[in-house]
Structure formats: C-alpha cells, structure tokens
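# Notes for the structure review
Spelled out from the first residue to the last, the chains are:
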Amino acid sequence: MPREPLELSEVFPYHVVARSNNREWFAISRDRCWATFCDYLYMVKMQFDVKFHSFVLMSNHFHIELTTPKRNLPLIMNRLMTEFAFAVNDQSNRVNHVFGGQYKGSLIKTDAYARACHKYILTNPVRAGICKNILEYPYTSLHGQLGFSKLLVPVVDSIFITQISNVVVGI
C-alpha cells in the first residue's frame with residue numbers, strides 16, 4: 001500500500017528523515033560527511049529559501065526539522081538527497097545508491113509535537129548509544145548553535161519552539 005502524500009505547508013514545519021541504502025554507514029568519514037551535508041543544506045537553503053530549525057547527521061541517516069515558505073518540500077529534498085549522494089559517491093569512488101529510498105516526512109502542527117520532534121532529533125545520538133550527552137556529539141545543529149563548532153547553515157527558531165535548546169541540554 002503506497003504512502004499517503006505529505007500535506008504541503010508554508011507555515012508549519014516538517015520532520016524529515018532519510019536513511020542510507022541497506023542501512024550501511026555513509027561511505028566517507030563522518031567529518032567529511034558532515035561537511036558535505038552542511039554544504040548541501042546551505043545550498044538548498046539559498047536556492048529554495050528553506051528555514052532549518054534543527055538537524056542531525058548519524059552514521060547512516062539524517063533528521064531535519066525545517067519550514068518551507070514556498071511549499072516546495074519535494075523539490076528541496078530531491079535536490080538535497082541527489083547532490084549529497086553524488087558528492088558522497090564521488091568522494092568515496094563508489095557508484096549506485098546512497099539512500100535506500102525516498103525521505104519520510106511528517107507535518108508538525110502542534111506545539112507539543114514540535115517540542116517532541118525537536119527533542120527527538122537533537123537527542124538521537126544519545127538514544128543510539130553514541131554518546132552520553134548531546135553536547136559530546138558534533139554532528140548536530142545544536143552543537144553549532146551553542147558555539148562548540150562553526151555552523152555554516154543558518155538555523156532559526158520554529159514558530160512553536162523558543163529556547164528549546166536549554167530544555168534539551170538539561171536532559
């Protein structure tokens with residue numbers, strides 16, 4: 001049974017996730033993968049006027065919370081995933097699929113869902129057992145927002161979320 005089409009909105013944010021093919025780790029080091037991921041996030045931000053609220057890169061997938069003022073999420077994700085896949089394949093001298101399929105997304109329409117989603121994204125490395133504290137994991141937007149690393153991709157507060165970072169860090 002096919003998935004129902006995702007409702008498009010220029011107001012409400014989305015939570016999107018995409019996983020690598022066969023759940024394999026991305027074929028380049030996480031540092032290079034992070035730099036490449038951020039480069040392409042910045043590219044789609046400039047090209048499509050997307051607003052990023054939070055994001056995390058894991059070993060074999062990513063999560064992004066974003067708003068699309070032009071209701072163009074499919075275009076944004078197509079460009080991001082295509083360009084990122086080409087770059088990872090080029091850097092690793094590999095061919096074929098990087099991602100195992102389309103991204104999955106959900107529209108965030110309530111404050112409670114926005115807070116839960118934001119917390120879920122930023123604490124993903126802790127739940128995966130990669131680190132004990134989110135501040136130890138450098139491949140998140142929060143790490144840059146708090147000044148622990150340089151964040152090249154502008155991040156804005158969600159229409160629902162204000163000072164959520166203090167809540168997440170306090171966990």
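Here's a quick rundown of the structure.

Conventions used here
- Residues numbered from 1 in each chain as written.
- Predicted model: local features only at pLDDT ≥ 70, side-chain atom pairs only at ≥ 80, totals over all residues.
- Heavy atoms only, no water.
- Phe/Tyr/Trp six-rings, centres within 6.5 Å; stacked < 30°, edge-to-face > 60°.
- Helix = DSSP H or I, 4+ residues; strand = E, 2+ residues; numbered from the N terminus.
- Buried < 20%, exposed > 50% of the residue type's maximum accessible area, 1.4 Å probe, protein only.
- Polar contact = N/O pair within 3.5 Å; in protein donor to acceptor, adjacent residues only side chain to side chain.
- Expected span 1.5 Å × (residues − 1).
- Disulfide = S-S within 2.5 Å.
- Core = buried A, V, L, I, M, F, W, Y, C linked by side-chain atoms within 4.5 Å.
- Contact = heavy atoms within 4.5 Å.

## Description of the packing of aromatic side chains
Under the counting rule described, the total for this entry stands at eight aromatic pairs. When the centroid spacing of 6.2 Å and the interplanar angle of 40° are considered together, the rings of Trp-34 and Phe-37 count as tilted. Here Trp-34 and its partner Phe-37 are both found in helix H1 (residues 30–48), three residues apart, which amounts to about one turn of the helix. Measuring from centroid to centroid gives 6.1 Å for Phe-52 and Phe-55, while their planes differ by 75°, and the two rings are edge-to-face.

## Re the side chain of His-53
Along the chain, His-53 falls in strand S2 (residues 51–57). Classification of His-53 by relative accessible area gives buried; the value is 4%. Here Thr-67 takes part through its side chain, which lies 2.5 Å from a polar atom of the side chain of His-53. Among the polar contacts listed, one links the side chain of His-53 to the backbone oxygen of Val-156, at a separation of 2.9 Å.

## A look at unusual backbone geometry
A positive phi angle, near 60°, is found at Asp-49, a position not held by glycine. Counting through the fold element by element, Asp-49 comes out in the loop between H1 and S2. Phi at Arg-71 takes a positive value of approximately 55°, unusual for a residue other than glycine. Its location among the elements puts Arg-71 in the loop between strand S3 (61–67) and helix H2 (73–92). The partly exposed category is assigned to Arg-71, whose relative accessible area is 44%.

## Let's talk about H1
Structural remark: α-helix, 3.6 residues per turn; residues separated by three or four positions point the same way. Given a rise of 1.5 Å per residue, 19 residues ought to cover 27 Å, and the 26 Å separating the end C-alpha atoms of H1 matches this to within 8%. Considered for burial, the residues of H1 that qualify are Cys-33, Trp-34, Thr-36, Phe-37, Cys-38, Tyr-40, Leu-41, Val-44, Lys-45 and Phe-48.

## A look at the environment of Arg-32
Its location among the elements puts Arg-32 in helix H1. On the basis of relative accessible area, Arg-32 is assigned to the partly exposed category, the value being 41%. A sequence separation of 59 residues divides Arg-32 from Gln-91, and the C-alpha atoms of the two residues are 8.9 Å apart.

## Observations regarding the side chain of Asn-60
Mapped onto the fold, Asn-60 is located in the loop between S2 and S3. The class for Asn-60 is buried, based on a relative accessible area of 12%. At a separation of 3.4 Å, a polar atom in the side chain of Asn-60 contacts the side chain of Arg-19.

## Here we look at the state of the cysteines
By the definition in use, this model includes zero disulfides. Just so you know, Cys-38 is unpaired, no disulfide at all, and the nearest cysteine sulfur is the one on Cys-33, 9.8 Å from it.

## Thoughts on the nonpolar core
When a protein is soluble and globular, its nonpolar side chains tend to lie buried together. Counting residues in hydrophobic clusters, the biggest one holds 45 residues, and the most contacted among them are Phe-37, Phe-52, Phe-55, Phe-62, Ile-64 and Leu-66. Broken down by secondary-structure element, the contributors of at least two residues to this core are strand S1 (14–19), H1, S2, S3, H2 and helix H3 (111–122). With nine residues, H2 is the largest single contributor of residues to this core. Not counting residues within four places of it along the chain, the set of residues in contact with Ile-64 comprises Tyr-14, His-15, Val-16, Phe-37, Leu-41, Phe-52, Ser-54, Phe-55, Leu-80 and Ile-121.

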